[in-house]
Each structure stands twice: as C-alpha cells, then as structure tokens.
Amino acid sequence: MADEPNPDDLEIADELIAERRAEAPGETPEDMTAWQRPITAVIDVINYRAGQAIALLMVPLIVVVVFEVFSRNSFALFQNAGLEDLARSLGLGPTLWVYDTSRMIAGVLFMAAAGYGLMRGVHIRADFLYRFWSNKTQATVDATLYLLFFMPSMIFFTIVAAQFWWLAYSTGETMAVDSAWGPLLWPARTAMPVGGFLLMLQGIPEVFRAFHKMGKERERWFVRFLPIYLIGLIWLVLAIFAPDIVPGGAWFTEAMSARPNLDKPTIGLIMLGAMLFVIFIGFPISFTLIFLAFVFGIWGANFKLTTLLMTLNTNSTMLNDQLMAVPLFVLMGIVMEAAGLMERLFASIQMIMARVRGALFIAVLIVSTIFAAATGIVGASVTLLGIMAGATMSRSGYDVKLAAGTITAGGTLGILIPPSIMLIVMGPVLEVSTLDLFRGAFIPGALLASLYLIYTLGRCWLNPSLGPILAEEDQPETSKFYGAEVALICLGVLTVCRVFGLGMGGAFGGLVPFGGLIVLVITLAVAYAAYRKLSVLRIVLPIAVLFHVYMIFANLGDDGGLPIWSIILAAFMILLAVLARPIYGTDADESFYFSDLWDEFFAGLMPPTILISFALGSILFGFATPAEAAAMGAFGAILLSVGYRKFSIPSFFDSLIKALEITVLIMFLVAASNFFGAEFSALGTPKMMTELLLGLDISPFMVLLMIMALIFLLGWPLEWVPIVLIVVPILLPTIEVLSLHGLERYDMMVWFGILVAVNLQTAWLSPPVALSAYFLKGVVPNWDLKDIYLGMMQFMLVQLFGLILLLMFPQLVLWLPRVMGG
C-alpha cells in the first residue's frame, strides 16, 4: 500500500507555481560549465536575500493598515458616544498617511521581488505543449527566448523605469492627483528600476541553466554565438537610447519612426497571434507580454508612446489600492492553513454527522466552503481535503467516484467564494468595485455549494451504498437526545449570527456606547451558560424562539406580506423547537447533556468562522475596503496561530515567503498584461473585433454563449490568471455593447465577472487537463485517475446547471449588490 503523503511536503499554491525550483539558492549542478557556476550561484543568492528582505515588508503593511482601521473605527465609536474630544486627545481618527504608505509598500512587494520570483521559478507559464517536449528541446527553446525576448525587454524596462524614477526625483513629483496627503513618489518608484535590474540580472542564471539542461554539444553552439549576441544587444540598446553615439543609430531611429503599410488593427491581430503562439510554446507569460508590447507598440505607434504606456501602467498597478488586498488575503489563507484549523473542524463535523448517510460528503462540503473563504486557492483546498477525507472515505466504503467529485468540486469553490483572489484581480480589469464583485459572488457561491450538497445527499438517498452510515466503532458517544442536541446547537448558532448581523447593521448603536459589541458579548455569555446548564437552557430556549418570531414579523412588507425567506426561516424555527422539546421531560434531568464532540466542533469552527465573518462582513457591509479587511484577516490569522500554539518565527517567515511568491506571480502578470492591453487597445483591434462579432447575424445572447465557450475551452490549458488578465480585456469591448436582460453597463460587468468566475471553476472540473485531479491523485494514490475523472465530470454537469441558472437569472448575481449598495 502507498505511503500516506506528508502534508508538510505539499505547497499551498501548486496549481499556480508549477515549476518551483527544488534546489537551494546558490546551489548549482556539479556538471554545469565551470565558469557559469559561480555567476549563477552569486546572482541566485543576491535575489534570494533581496526576496527575504522584501517579504518582511508585509509586516509593516499589516501594521499600518490595522492601525488605520482601529483608529478610524474607534474614533467613530467615541463620536457616536459623544466623546469626540476624548478620542482626539487619544490621537484616534482617520489618517492621511496610511492609505498612501500602504499602497507604496504593496507596490514595492511585487515589483522589487520580481527577480526573486524568477529565481524561485514562480513566474507562470502555459506548459500545455512545453511539458511534452524533451529536456533538450525545452532548454533550447528557453535559451533562445530568454536571449531574444527576456534580456532585451528587461534592459528596456530597467532603463525606462530609471528615467521615470529620475523624473519623479528631480521634479519632486507627488501623489497629489489621487491623494490628500500628497507624498513624494520617487521612494516607491525606486522599486521599478531596482526590480527591473534584479530581474534582468536573474536572466543570466536562467540562460546558464538552459545551457546545462540542453547538453554540452548544443551548449557549445550557443556559447560561440554569445559574443555576437552581446555586441548586437549593446548596439540595439545604444541605438534606442543614445542613437548619436553608435553607428547606424540615426538609421534605426528613422526606421522606428517609419509607419507600416498595414493598418493598426491588423498589426494588433498579428500581435495577438504572436502572443498565443509564444505563450503556448511555454515561455513565462509575463515576459512574453512585455516584449511583444514593446515590439508591436513601436511598430504600430512609436517608441515614446510605448515607453510611456509601460511606465504608467506599471506605476498604476503598483499603487492600485484594490490589488493591495492580494498579498494580505494570500497570507491570511497560508497562516490559517499552517495552524491546522481545518483538520480539527473536519473531524468534528464528521463525528456530528456520523449517523447520517453521506456524512463525509457533508463534512467535505462544509469545510471546503469555509476554507474557500479563507484561502481562495484551489490547490490548497483540494490537497487538504484529500488528506483529511480520502483515507476515511475509502475505509468507510464510500463510492470513490462520488467522493473524488465532492472533494474536487468543493475545492474549486475557492475561485468564487469571497474573498476570492481572482475577484480582487478582476475588479480593476472590469472597472467595477471589488466590493460589488464580492457581493455578487455570495449567492452564486452558496447556490453551487447547495447544489453539490443536494446532489450528493440525493444520490446517497437513492443508493445508500454510495455513502453508508459510519461504522458503530467510528460513531461518537452522545446523549439519548442527540436530535435535541443538534436542534439546540443550530438554534444557538442562528441566534448568535442574527445578533451579530444586527450589530453590524447598527441596530444596537443607539442603546449605549459600543452597543453592538456589548449585546453580542452578552448573547455569547448567555449561550455559553445555556450550553453548560440544563436549567438555564430551559429558560433561554423559549426566549430565543420568541426573539426569532419577533424578527420574522419585523420584516413584514408594506402590504403586510412576509418575504419568502422569512416563511422558510419560520418553518425551520418551528422544526427546531419541536426537536428540542424533549429537554423539558423528566428523563432529560438525568440523560440529557451536550456531547464532548460539540466542544471540539466549536474549537474548530468558531475561530476561523469569526475571523472570516468579520473580514468578509466588514467588506460586504462597506465598513472596510477589501485591503483593510485583508489586513485585519491576516492579523487575526496570526493571532489564531498564536492561540493554537502553532506560531513560530521560522514558520511565520516561511508563510511570508510563500505569500510573496504568489503575490509576485499574480501582480507582475497584472502589470505586464496591463501594458500589453494598453498597446493592444491603442492599435484599435478590440474595436474592430467587436464590430466584426456584432456584424454577424446572431443574437447578443448567442455572442455571450460563444464568449463563455471560448473561456471554458481556454480554462483547460491556461490558469485563471492569464485568462482574466489577457483574454477578458480583449473581449470587454464586445461585452460592453451587448444589450442583455436590460442591464446597464456597470451591472453587465458585475454579472459578466461572476459568469467568468463560475465558468473557470467549471473548467477546473473538466478532464483531461483539470489539475484538481492530479492534486487529489497525489494525496490519495490508491484512487484510480479514471474514477477521479468520472467523479469530477458528474459535478461539472452540476456546475453547468448552476452556470445556466446564472445566465438565465442575472438577479441571482445582482440582487445583493443592489440591496447592500442602496
């Protein structure tokens, strides 16, 4: 039998970082050419140390944002209590400096660490074709593209970024356009030339590694060519930036200024074809986009406009306040995963549902929904769920196909359920608020999780052998009134959640200072007393039921009618009250008690749930920006790690490094794709493609279906990152002019963004390229890959049903943003 995998050996983001380098920084193969080894080792160590130093910037980033949130909200509480003067004397209140400081720190994180990302092998590539080539062919292609694409583009980037930095430094440029504080820009812009230089420097070891990989015979041909290449590269750089001092410089300047015979949209089509060709060859996507944007930008427009677009788009990406949430949410998920909270929660839910058919399916879907809100990374969810549930499902006689489908489908919820990293990145692309995307994703996420649950339990009801009740020895010890236990726990959790929601909405703010917090604490104290003492429980139960009845009728409409959700909730409350009635019998005095498994359940459920609720609730209710909520979530995850005695300086530093790697991967591609997209749009090709599509004799809805089909197919070989950052911007002009369901432009973009997210989530479940299958196979090796595929395809059909519902009923997406946005 195969050995069980060690969770410590598995990476949280393997679906993104597919080529992470295994050897230690500075370590080189012994058979590498002698003169190349020390150069490779020294440059590797330089970028490694730079990455370690830059990763530490996440700590002050969290500190300053948490300080801002605490200071601003404390001031508001004191102000509501009539203690504004006291708050000012304590130095509380909104700040001017935190917003700009945090943006600059976040920008430096990904830009200055780009060289570290290349050294660690985390820049994403589409290796759909690349992976099938021999090592010699891969190395030859890598070396050629590094020399022709990477080195020139990074030299251009570094020089132009240095000029851009000098302009800011010499003129004393400030952030006066979008900042009340108006700090100097040059300190943050230093990261652009420094990051570009470190990235260019790291290209040298990458070329040497390709030389080593291709074999000595082919390497000799490349080495012989190097002097000619270096002379040509130096001439090219001088001809562009100092044409007066190099032979042929004037001719080259004139050639760059010459206008092509082709019209600009046609040049854009060639640019698009070249991009797809080079990306599918397997070269890292970010560098491909930068080089092609340079070449085709100069060809279709001019050098000055091209460099201006490059610097402006890189600078805007660095200072984007929405994208600042990316490293913080990633860190929050990594720290929570390292604390081991999900394993504890899964074990407790498994025991609670032990007497129910399909109990492990329920546990997987509940934990995956919570974990999706914590990480937003598919590989982490599928891997962890496979480790926790795979062996237990096999031992309990669960159907392998349905089990594999449940784990992989539950794991993909991380793409959609807020706070999703993909939605954070998608917001600026669609030019809509990330907050509205989060709100729009909430109901579809719950809908899909519910569809998964209905499907699995329905299959188990029709065929009990698919998910049998756990064996007697695996069931926990409970009281004779286990049904009453479950009903009372459900009622208690619903009561606390409702009080929490009322407090977040300001319902208790007028009672006393800090009214919402005080009422919540009192509710928790009463609930704990009822949990521990039957006599208190008998008093509290009718009060809780009456509270819910009052709240239901408080939602009467103007016509005196009850909303449908209130009627459903009222029926559920009646059912819970009936199930809890046995606690008033004489037998209950001796036989009723809450089982020990509930202590384990709350220990696993409450900390992550409270953390996610506060982070996500503050976003959805508009009390904090996504970046602020992400910082609070990361800070809370660190406190949880300390509370569970899982925190240590080395492990926390390792979490910082992992978060930095994922941040570099995503954010550098954001900057590169913004540059590429700006050049592509300047050529007018998207407008031409839109006119072509709309000129076809098909309905707008059919155009949308064609776009969805294209995204679905691209979701097989490509990650969500290039699809969201490259493909979606190309399609946006077409989407903007479609008139569907009478939606305005903004609502259309929010709806389209959620459709794309659900579509890509569906592609994750589509064989034969679905990486979720390989993650699961890696941690449950005794499951056949064919069974995993068959299980995934079942849930792909469930997912497609959910996507069809969202296509037919846009209000499933738009209702919550409209209600919460007023």
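Conventions used here
- Residues numbered from 1 in each chain as written.
- Predicted model: local features only at pLDDT ≥ 70, side-chain atom pairs only at ≥ 80, totals over all residues.
- Heavy atoms only, no water.
- Helix = DSSP H or I, 4+ residues; strand = E, 2+ residues; numbered from the N terminus.
- Rg over C-alpha atoms; globule rule 2.2 N^0.38 Å.
- Buried < 20%, exposed > 50% of the residue type's maximum accessible area, 1.4 Å probe, protein only.
- Contact = heavy atoms within 4.5 Å.
- Areas by Shrake-Rupley, 256 points an atom, 1.4 Å probe, with all protein chains shown as cover.
- Lys, Arg positive; Asp, Glu negative; His and termini not counted.
- Charge placed at Lys NZ, Arg CZ, Asp CG, Glu CD.
- Salt bridge = Lys/Arg side-chain N within 4 Å of Asp/Glu carboxyl O.
- Phe/Tyr/Trp six-rings, centres within 6.5 Å; stacked < 30°, edge-to-face > 60°.
- Lys NZ or Arg CZ within 6 Å of the ring centre and 35° of its normal.
- Disulfide = S-S within 2.5 Å.
- Axes fitted to C-alpha atoms, helices over the stretch in contact; angles between N-to-C directions.
- Parallel < 35°, antiparallel > 145°, perpendicular 65-115°, else oblique.
- Left-handed = near helix turned anticlockwise from the far one by under 90°.
- Nonpolar A, V, L, I, M, F, W, Y, C, P; charged D, E, K, R; others polar.
- Patch = residues over 30% accessible without salt bridge, like charges linked within 9 Å, V, L, I, M, F, W, Y side chains within 5 Å.
- Core = buried A, V, L, I, M, F, W, Y, C linked by side-chain atoms within 4.5 Å.
- Expected span 1.5 Å × (residues − 1).
- Arc of directions from axis to C-beta.
- pLDDT = per-residue confidence, 0-100.

Asker: Honestly, the overall build of the chain in this entry has me stumped. Any pointers?
Answerer: A tally of helices and strands in the chain yields 35 helices and zero strands. The globule rule puts the C-alpha radius of gyration for 822 residues at 28 Å, and the 29 Å found for the chain is close to it. Out of the 822 residues in the chain, the part that is buried amounts to 55%. Sequence separation of at least 24 residues holds for 81% of the intrachain contacts in the chain that already meet a minimum separation of 6. With the model as given, the accessible surface of the chain reaches about 34300 Å², and the carbon-plus-sulfur share is 68%. With 42 positive and 58 negative side-chain charges, the chain shows a spacing of 3 Å between the two charge centroids.

Asker: Before we go on, may I ask you to explain the pattern of salt bridges in this structure?
Answerer: Where charged atoms of side chains with opposite charge meet at close range, the side chains can pair. Across all of its chains, the model carries 16 salt bridges by this definition. Of the charged contacts in the structure, one is a salt bridge between Glu431 and Arg745, with a shortest N-O distance of 3.8 Å. Within this pair, whereas Glu431 is found in the loop between helix 19 (421-430) and helix 20 (434-462), its partner Arg745 is found in helix 32 (residues 745-763), the two being separated by 314 residues in sequence. Between Arg818 and Asp747 there is a salt bridge, and its shortest N-O distance comes to 2.7 Å. With Arg818 in helix 35 (residues 811-820) and Asp747 in helix 32, this pair connects stretches of sequence that are 71 residues apart. Among the charged side chains, a network of salt bridges with common partners joins Asp44, Glu206 and Arg209.

Asker: Looking at this model, I keep getting lost on the packing of aromatic side chains. Mind explaining?
Answerer: Each pair of aromatic rings is reported with the distance of its centres and the angle of its planes. Summed over the entire model, instances satisfying the criterion amount to 30 aromatic pairs. Each ring, one from Phe208 and one from Phe211, has its centre 6.3 Å from the other, and the planes form 40°; the classification is tilted. With Phe208 and Phe211 both in helix 8 (residues 191-214) and three residues apart, the pair spans about one turn of that helix. Judged by its relative accessible area of 7%, Phe208 is buried. Take Phe211: its relative accessible area is 0%, and that puts it in the buried class. Centre to centre, the rings of Phe361 and Tyr398 are 4.9 Å apart; their planes meet at 70°, and the pair counts as edge-to-face. Highlighted residues: Phe361 in helix 16 (residues 359-375) and Tyr398 in the loop between helix 17 (378-395) and helix 18 (400-412), separated in sequence by 37 residues. Stacked on the ring of Trp221, the Lys or Arg Arg224 has its end atom at 5.3 Å from the ring centre.

Asker: Just to check I follow, could you spell out the environment of Pro25 for this structure?
Answerer: Locating Pro25 in the fold gives a position in the segment before helix 1 (36-55). C-alpha of Pro25 to C-alpha of Phe149: the two residues are 124 residues apart in sequence and 25 Å apart in space. If we ignore the near neighbours within four places in the chain, the residues touching Pro25 are Val45, Tyr48 and Met119.

Asker: What is the right way to look at the state of the cysteines in this model?
Answerer: In protein structure, a disulfide is the covalent linkage between the sulfur atoms of two cysteines. A full pass over the atoms with the stated rule returns zero disulfides. Cys497 carries a free sulfur, and the closest cysteine sulfur to it, the one in Cys490, is 11 Å from it.

Asker: Whenever I open this one, the packing of helix 12 (residues 285-300) against helix 28 (residues 649-682) confuses me. Can you help?
Answerer: Two numbers describe a pair of packed helices, the interaxial angle and the distance between the axes. Two elements in contact, helix 12 and helix 28, have axes whose closest approach is 8 Å; the angle formed by their N-to-C orientations is 25°. Classified by the angle between their axes, helix 12 and helix 28 sit roughly parallel to one another. In this structure, helix 12 crosses over helix 28, and the sense of that crossing is left-handed. Residues Ile285, Ser286, Phe287, Leu289, Ile290, Leu292, Ala293, Phe294 and Gly297 of helix 12 lie in contact with helix 28, whose contacting residues are Phe668, Leu669, Ala672, Ser673, Phe675, Phe676 and Glu679. The residue makeup of the contact of helix 12 with helix 28, split by class, is twelve nonpolar, three polar and one charged.

Asker: What am I meant to see in a nonpolar patch on the surface here?
Answerer: A cluster of nonpolar residues, Leu696, Ile698, Met702, Leu705 and Met706, forms a patch on the protein surface that exposes about 390 Å² of accessible area. Mapped onto the secondary structure, Leu705 falls in helix 30 (residues 700-714).

Asker: I keep staring at the nonpolar core and nothing clicks. Help me out?
Answerer: Nonpolar side chains tend toward joint burial in soluble globular proteins. Residues Met393, Phe592, Leu704, Trp751 and Phe752 are the most contacted members of the largest nonpolar core, which totals 258 residues. No other element matches the 19 residues that helix 28 contributes to this core. Excluding its chain neighbours within four sequence positions, the residues that come into contact with Leu704 are Ile735, Leu738, Leu740, Trp751, Phe752, Leu755 and Leu807.

Asker: Is there a simple way to think about the environment of Leu800 in this case?
Answerer: Within the secondary structure, Leu800 sits in helix 34 (residues 785-808). According to the relative accessible area criterion, Leu800 is partly exposed, its value standing at 28%. Separated by 89 residues in the primary sequence, Leu800 and Ile711 have C-alpha atoms spaced 14 Å apart.

Asker: Sorry, what's going on with helix 2 (residues 58-80) here?
Answerer: Working note: α-helix, 3.6 residues per turn, so residues spaced by three or four point in the same direction. Compared with an ideal rise of 1.5 Å per residue, which puts 23 residues at 33 Å, helix 2 spans 33 Å between its outermost C-alpha atoms and is within 8% of the ideal. Turning to helix 2, its buried residues number three or more, namely Met58, Leu61, Ile62, Val64, Val65, Val66, Glu68, Val69, Ser71, Ser74, Phe75 and Phe78. Tucked inside the fold, the buried residues of helix 2 contact helix 1, helix 3 (84-89), helix 4 (97-112), helix 14 (325-338), helix 27 (626-643) and helix 28. Of the residues trailing helix 2, Gly82 is marked for its positive phi of about 75°.

Asker: Quick question: what am I supposed to make of helix 29 (residues 685-695) here?
Answerer: Turning to helix 29, its buried residues are Thr685, Pro686 and Thr690. The buried residues of helix 29 occupy an angular sector of 135° when projected down its axis, which confines them to one face. Set apart from the buried face of helix 29 by more than 90 degrees, the exposed residues are Lys687, Glu691, Leu692 and Gly695.

Asker: I'm lost on unusual backbone geometry in this one. Help?
Answerer: Backbone geometry follows two general trends: most residues other than glycine have a negative phi, and most peptide bonds adopt the trans configuration. Its identity is not glycine, yet Glu431 carries a phi of approximately 60°, on the positive side. Its identity as a non-glycine residue notwithstanding, Arg645 has a phi of 60°, on the positive side. Residue placement: Arg645 occurs in the loop between helix 27 and helix 28.

Asker: Explanation requested: the environment of Met271 in the structure shown.
Answerer: In this structure, Met271 sits in helix 11 (residues 264-281). Given a relative accessible area of 0%, Met271 falls into the buried group. Here the alpha-carbon distance between Met271 and Phe296, two residues 25 residues apart in the chain, equals 6.5 Å. Every residue in contact with Met271, bar those within four places of it in the chain, is listed here: Leu292, Ala293, Phe296, Phe676, Glu679, Phe680 and Leu683.

Asker: Even after reading the chapter, I still don't get the confidence of the model for the chain, so can you show me in this structure?
Answerer: When pLDDT is low, close inspection of the predicted coordinates is not appropriate. Mean pLDDT over the chain works out to 82, with 91% of the residues at or above the 70 mark. The spread of mean pLDDT over the elements of the chain runs between helix 33 (residues 771-779), the lowest at 75, and helix 1, the highest at 94. In the predicted structure, residues 1-18 sits below a pLDDT of 50 and forms 40 contacts with residues beyond four places in sequence or in another chain.

Asker: I keep staring at the side chain of Ser673 and nothing clicks. Help me out?
Answerer: Residue placement: Ser673 occurs in helix 28. Apart from residues no more than four positions distant in its own chain, Ser673 is found in contact with Leu289, Leu725 and Ile726.

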